[in-house]
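Each chain, written out:
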Amino acid sequence: DPTRMENHADRPEIAAALDGDVGKDTRRSITQDIEQMYVAVPARYEGEPAALRVSESLARIAETTARTRQAGLVLLGIALLAAFAAALWLTRAAAAPVERLADAARSMADGDLVSPVPEEGGALSPLSESLARLRDQSRARIDTLESEQRTLRLVLDGLRDTVLLLDGERVELANRALASLLRPHAPVRGRSVRELGLPESVTAAIVAEIGASDARTQELGPDPYRRYHRVLTLPLDAGPA
């Protein structure tokens, strides 16, 4: 019976709602003897100002807040995992073209000038095109050098005179005419000129001129086979002389 109920018009939340505002208050309920939160909003009843109020215990609110916080933490963990997975995927996706170009560059450095360079798009397109041009230019230069080397070998092998190219005392190149001086014949590249089995006078004449800055011609003979030799030593950096 409303006539027997206590008048709550003096409650802070009710007074605020009757004034047209949303009213809130937290206090111990006299009837239930528990801490509660009260919220009242403005309303109208039969054309007169009224207040609509609801309440909930602070324990229930704390329980709801705890569940909400727990759910929020779970959702936050899921979001972080999803963000990490997305970042990892994006990083790998962005790094994959760079790794492919790096592998192509390493292959080129190792001498593989046949395998194609990956055609990458976007910001890596200029780098991909530059590597492809570098590969083609390097291949063309090597082909030219190999052709020149074959031509040089043909020219040297066509000479009747023996020709030796030395790096210090190590033989880097020799033509076929050298075979006429060797007893027995054996591969000579990479060996010391002292190990070739040339006539002693020829070996001594060559070794004596290693490191010289000027060209020199020496007439030698006869050797034990009664052969005479003319030895011309010419430093590669001697220029026109």
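Structure shown above.
Basis of the calculations
Residues numbered from 1 in each chain as written. Predicted model: local features only at pLDDT ≥ 70, side-chain atom pairs only at ≥ 80, totals over all residues. Heavy atoms only, no water. Helix = DSSP H or I, 4+ residues; strand = E, 2+ residues; numbered from the N terminus. Rg over C-alpha atoms; globule rule 2.2 N^0.38 Å. Buried < 20%, exposed > 50% of the residue type's maximum accessible area, 1.4 Å probe, protein only. Contact = heavy atoms within 4.5 Å. Axes fitted to C-alpha atoms, helices over the stretch in contact; angles between N-to-C directions. Parallel < 35°, antiparallel > 145°, perpendicular 65-115°, else oblique. Left-handed = near helix turned anticlockwise from the far one by under 90°. Nonpolar A, V, L, I, M, F, W, Y, C, P; charged D, E, K, R; others polar. Salt bridge = Lys/Arg side-chain N within 4 Å of Asp/Glu carboxyl O. Core = buried A, V, L, I, M, F, W, Y, C linked by side-chain atoms within 4.5 Å.

### Notes on the overall build of the protein
(1) Moving on: Check the secondary structure of the protein and you find 4 helices and 7 strands.
(2) Moving on: Starting at the N terminus, the α and β elements of the protein follow one another as α-β-β-β-α-α-β-β-α-β-β.
(3) Moving on: Here the C-alpha atoms of the protein give a radius of gyration of 49 Å, more than 25% beyond the 18 Å that 2.2 N^0.38 yields for 241 residues.
(4) Moving on: By principal-axis analysis of the C-alpha atoms, the protein measures approximately 150 × 35 × 30 Å.
(5) Moving on: When the 241 residues of the protein are sorted by exposure, 22% land in the buried category.
(6) Moving on: Sequence separation of at least 24 residues holds for 25% of the intrachain contacts in the protein that already meet a minimum separation of 6.

### Section: the packing of helix α2 (residues 58–109) against helix α3 (residues 125–157)
Two quantities define a packed helix pair, namely the angle between the axes and the distance from one axis to the other.
(1) Moving on: Interaxial distance between α2 and α3 falls to 11 Å at its minimum, and their mutual angle equals 15 degrees. Accordingly, the angle class assigned to the pair α2 and α3 is roughly parallel. Considering only the axes of α2 and α3, their crossing is left-handed. For the pair α2 and α3, contact is made by L101, A105 and M108 and by L127, S128, L131, L134 and R135, respectively.
(2) Moving on: Class assignment for the residues of the contact of α2 with α3 results in 6 nonpolar, 1 polar and 1 charged.

### A short note on the pattern of salt bridges
(1) Moving on: Applying the stated criterion across every chain, the model contains 21 salt bridges.
(2) Moving on: One salt bridge connects R27 with E13, and the closest N-O pair in it is separated by 2.8 Å. Taken together, the positions of R27 in strand β1 (residues 23–28) and E13 in helix α1 (residues 12–18) put the pair 14 residues apart, joining distant regions of the chain.
(3) Moving on: For E146, the salt bridge identified is with R139, shortest N-O distance 3.7 Å.
(4) Moving on: Here the salt bridges share partners, and the residues they tie into one network are E13, D25, R27 and R53.

### With respect to the nonpolar core
Grouped burial of nonpolar side chains is what soluble globular proteins tend to show.
(1) Moving on: Grouped together as the largest cluster of nonpolar side chains are 15 residues, with contacts concentrated most on V188, L196 and L198.
(2) Moving on: Every element with two or more residues in this core is listed here: β5 (170–174) and α4 (200–209).
(3) Moving on: Ranked by the residues each element gives to this core, the list is headed by α4, at 4 residues.
(4) Moving on: Apart from the residues within four sequence positions on either side, L196 is in contact with L164, V171, L182, V188 and R191.
(5) Moving on: If you look at the next biggest cluster of nonpolar residues, it comprises 5 residues, including L101, M108, L113 and L131.

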